[in-house]
Amino acid sequence: MCVFFELITRFIPSSIGYLFQLQTLKLSANFIGGELPSRIGKLLNLMELDLSRNLLTGEIPSSISYLVQLRELDISHNNLSGQIPNSIVCLAYRYSIQVNFENNSFTDQFPKCLSTYQSSECYYQDNCFSSNKVLYVKLCLPIAMFIALFILGFVFLYLRKHKANKSIQDEATMLRKDGDLFSIWNFDGNIAFQDIIEATQDFDIRYCIDTGGYGSVYRAQLPTGKVVALKKLHRLEAEDPIFDRCFNNEIRILTQICHKNIVKLYGFCLHKRCMFLIYEYMERGNLFCKLRNDDEAAELDWNTRVEIVKAIAHALAYMHHDCNPPIVHRDLSTNNILLNSELKGFLSDFGTARLLHPDSSNQTIIAGTYGYIAPELAYTMVVTEKCDVYSFGVVALEILMGKHPGDLISSSSMTNVMLSEVLDERLPPPRSKSDIQDITIVFLIGLACLNGKPKSRPTMKWVSQQFLLGRRSIPCKPPHEISLWEMKNYSKHVIGEVSRQEGDLDIEMSTFSSN
């Protein structure tokens, strides 16, 4: 988006932070005074920022360091003072951002961040930080009326799509008033880093609670009493370009999405010596370990398990159908589903997530966990939303069975097997009508998602809608009277109807025939 304006003679309003989709902003050669608003750090899609040749005063807000998409920054020829924030210099160096800070009134103190990097290309002279490839950012600016219209338009879209998550944004605007140092919008790298080192005693093994695909997870209690989870990339892993790419990819994805069933990212550190992500802490750990422990699995009653399946379905539907471009997780498994203190499920680990661009072939290398990967990836190497749908089907069955479905995925293994025979025997058999209906619906949908043909699988939007419809009033047969072969055939019938009338179909349990 590019907008032009002839002349601005006042100041930059803080409401500019609502232009979330803005990619280019040029305010050069005006008479803009006052200080830079800290809310400019909310423009996470901003790639070019030019504020040169104005009358800006005060210090550079550290929130500019949140603009991880930024590639060009020019704030030269102003009256800015103070010290250039370390976090901004770190960001500029790490992402090769072309910057120009000359002709201001900054202090002579050299930013500490660059002391850890061995680079002869960077220098700090006459209040100018630059590299060999400095380009002055040129951006376009709207007139005041157009700014107001754009603000109203984006606010409307934002409230429409993210109303349920408005509290997250409200929290983000409170600069450390509530003691939360780790909001994405006001993350203070220096303070947070020191608190984390002290809380984990320099990442001592005693605080390690899990080991992920490309790092270890630690529990840290901050001085404010807040408990967070830290995923730390070890030094050797940081030198591996694959792990480094996954780490940065997770930051990029989680700073763009907000959903109640997706784990929250509070902040991150991209220091070359120590890289880590700061997450919402999930007290009960991952679902995989929970299902493998007999005592803990018994805590997951039928209703709790069904609710976990629903939560993951809603999260995937949001990623596939409410994000632009759509996001595919690519590594959905019970190991990447976390449980909070109330045993509610949250989708996590977005290191291998992929944005699906309509103008791209979306061809990729195989990524994911063995046993959950869609079969077509082996011979097409093309990732689509239906890859996640297949993985969801495996996860849904695993949650009800208490173990990976394994050979049960094959239709030939379902002959003469009743539903009651495959349900987790560590729980009492479902007795209530609501539990039986919910279990049957989840099993039906799970089998439909495991269809060998990607186009024959339902969309996650349809799956999510089915769960939102609530329990059916139509009576259904108990699990010992329903065969898996019968359910598999009926799931094919359901998807056939879906392909002709997407979203308008309801699953009627009474249509099952007796064996």
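Worth saying up front: this structure is predicted, and the values here are computed from it rather than measured. (Residues numbered from 1 in each chain as written. Predicted model: local features only at pLDDT ≥ 70, side-chain atom pairs only at ≥ 80, totals over all residues. Heavy atoms only, no water.)

1. Examining the pattern of salt bridges
- Using the criterion set out here, one finds 13 salt bridges in the structure.
- Residues K290 and E299 are paired through a salt bridge, measuring 3.2 Å at the closest nitrogen-oxygen approach.
- Overall, the relative accessible area of 1% leaves K290 in the buried class.
- For E299, a relative accessible area of 37% gives the class partly exposed.
- When salt bridges that share partners are traced, they join D294, R305, D424 and R426 into one network. (Salt bridge = Lys/Arg side-chain N within 4 Å of Asp/Glu carboxyl O. Buried < 20%, exposed > 50% of the residue type's maximum accessible area, 1.4 Å probe, protein only.)

2. Focus: the pairing of strand β10 (residues 216–221)
- Here 3 bridges tie strand β9 (residues 208–211) to β10, and the two strands are oriented antiparallel to one another. Counted as the bridge partner of T211 is S216 from β10.
- As paired strands, β10 and strand β11 (residues 227–233) are joined by 6 bridges and run antiparallel to one another. Bridge pairing in β11 places S216 opposite K232.
- Counted along the chain from β10 to the antiparallel partner β11, the turn is 5 residues long, and its residue G225 has a positive phi close to 95°. (Pairing = 2+ DSSP bridges. Helix = DSSP H or I, 4+ residues; strand = E, 2+ residues; numbered from the N terminus.)

3. What about unusual backbone geometry?
- Residue P325 is reached from N324 by a cis peptide bond, and omega for that bond is 0°.
- A positive phi angle, close to 60°, is found at D202, a residue other than glycine.

4. Considering the confidence of the model for the protein
- Summarising the model, the protein shows a mean pLDDT of 76, and 70% of its residues fall at 70 or more.
- With pLDDT under 50 throughout, residues 2–7 is counted as low confidence; its partners more than four residues away or in other chains account for 17 contacts.
- Low pLDDT, under 50, characterises residues 164–187; the stretch is placed with 58 contacts to residues that sit more than four places away or in other chains. (pLDDT = per-residue confidence, 0-100. Contact = heavy atoms within 4.5 Å.)

5. With respect to the packing of helix α11 (residues 385–401) against helix α13 (residues 433–449)
- Relative to each other, α11 and α13 sit at 145°, their axes nearing to 7 Å. When you trace α11 past α13, the crossing you get is left-handed. Along its contact with α11, which presents V389, Y390, F392, G393, A396, L397, L400 and M401, the element α13 presents I439, V442, F443, I445, G446, L447 and C449.
- Broken down by class, the residue content of the contact of α11 with α13 amounts to 13 nonpolar, 2 polar and no charged. (Axes fitted to C-alpha atoms, helices over the stretch in contact; angles between N-to-C directions. Left-handed = near helix turned anticlockwise from the far one by under 90°. Nonpolar A, V, L, I, M, F, W, Y, C, P; charged D, E, K, R; others polar.)

6. Things to note about the sheet that holds strand β1 (residues 24–26)
- The parallel open sheet is built from 4 strands, whose spatial order is β1-β2-β3-β5. For this open sheet the edge positions go to β1 and β5 (98–100), each flanked by a neighbour on one side alone. Neighbour-to-neighbour, the strand axes of this sheet turn through a mean angle of 5°, independent of strand direction.
- The pairing of strand β2 (residues 48–50) with strand β3 (residues 72–74) spans 3 bridges and is classified as parallel. Directly across from L49, in β3, lies its bridge partner L73.

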